[in-house]
Amino acid sequence: DKTVRLWNRSTGALVKTLEGHTDTVRAVAVSPDGETIVSGSEDKTVRLWNRSTGALVKTLEGHTDTVRAVAVSPDGETIVSGSEDTTVRLWKRSTGALVKTLEGHTSGVRAVAVSPDGETIVSGSWD
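What you are looking at is a predicted structure, and each value in this text was computed from that prediction instead of being measured. (Residues numbered from 1 in each chain as written. Predicted model: local features only at pLDDT ≥ 70, side-chain atom pairs only at ≥ 80, totals over all residues. Heavy atoms only, no water.)

Caption draft 1: Geometry of the environment of Gly-40. Here Gly-40 shows up in strand S4 (residues 36-41). For the pair Gly-40 and Val-28, spaced 12 residues apart in sequence, the C-alpha to C-alpha distance is 6.4 Å. Apart from residues lying up to four places away in sequence, Gly-40 is in contact with His-21, Val-25, Arg-26, Ala-27, Thr-45, Val-67 and Val-70. (Helix = DSSP H or I, 4+ residues; strand = E, 2+ residues; numbered from the N terminus. Contact = heavy atoms within 4.5 Å.)

If you want it as structure tokens, here you go:
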């Protein structure tokens, strides 16, 4: 239904529904400080949401195909996204600016992660 849902772990109750994506949501992550929800979608965008209010904070555009994976660096400053367009992109959380595009996969990127020290980006693909 193109939404991101926040649930209470203890009660199982729905807390918030975040609406704004125009196609299926494929990936979600939470910033280390717990304040930002990150989502990736078939609409080719990465969206940043305020966890407390549910408000859309930023829409990150640049991928040319479905965003299948998202992660946040341990310091919370970098958003990482992986896409069917075969790229991994690094974004500055505070501004939404694209910092770097990592190329090398020959098939869609399905998984991304950041090492605990924030120095290594890990990606997985069909290739």
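That shown, we press on.
Caption draft 2: Layout of unusual backbone geometry. Its identity as a non-glycine residue notwithstanding, Lys-44 has a phi of 75°, on the positive side. Take Lys-44: it is sitting in the loop between S4 and strand S5 (45-50). For Lys-44, a relative accessible area of 37% translates into the label partly exposed. Phi at Thr-86 is positive, roughly 80°, even though this residue is not glycine. For Thr-86, the position within the fold is in the loop between strand S8 (78-83) and strand S9 (88-92). (Buried < 20%, exposed > 50% of the residue type's maximum accessible area, 1.4 Å probe, protein only.)

Caption draft 3: Representation of the sheet that holds S9 within the structure. Here we have 4 strands laid out as an open sheet, ordered S7-S8-S9-S10, and antiparallel in their pairing. Single-partner strands in this sheet number two, and they are strand S7 (67-72) and strand S10 (98-102). Strand after strand, the sheet turns through a mean of 20° between neighbouring axes, direction not considered. (Pairing = 2+ DSSP bridges. Axes fitted to C-alpha atoms, helices over the stretch in contact; angles between N-to-C directions.)

Caption draft 4: Up close: the sheet that holds strand S3 (residues 25-30). Spatially, 4 strands are ordered S3-S4-S5-S6 in an open sheet, and the strand pairing comes out antiparallel. The sheet terminates laterally at S3 and strand S6 (56-61), the two strands that pair on one side only. Pairwise comparison of adjacent strand axes, ignoring direction, gives a mean angle of 20° for this sheet. Relative to S5, S4 runs antiparallel, the two sharing 5 bridges. Following the sheet pairing, Thr-36 is matched in S5 by Asn-50.

Caption draft 5: Structural detail: the pairing of S3. Here S3 runs beside S4; their pairing, made up of 5 bridges, is antiparallel. Counterpart to Val-30 in the pairing with S4 is Ile-37.

Caption draft 6: Seen up close, the environment of Arg-51. In this structure, Arg-51 sits in the loop between S5 and S6. Put simply, Arg-51 and Leu-6 are 45 residues apart on the chain and 8.4 Å apart in space, counted from C-alpha to C-alpha. Discounting residues that sit within four places of it in the chain, Arg-51 has contacts with Leu-6, Lys-16, Gly-34, Glu-35 and Ile-37. Separated by 2.4 Å, the side chain of Arg-51 and the backbone oxygen of Gly-34 make a polar contact. (Polar contact = N/O pair within 3.5 Å; in protein donor to acceptor, adjacent residues only side chain to side chain.)

Functional significance is not addressed by these values, which are geometric in nature.
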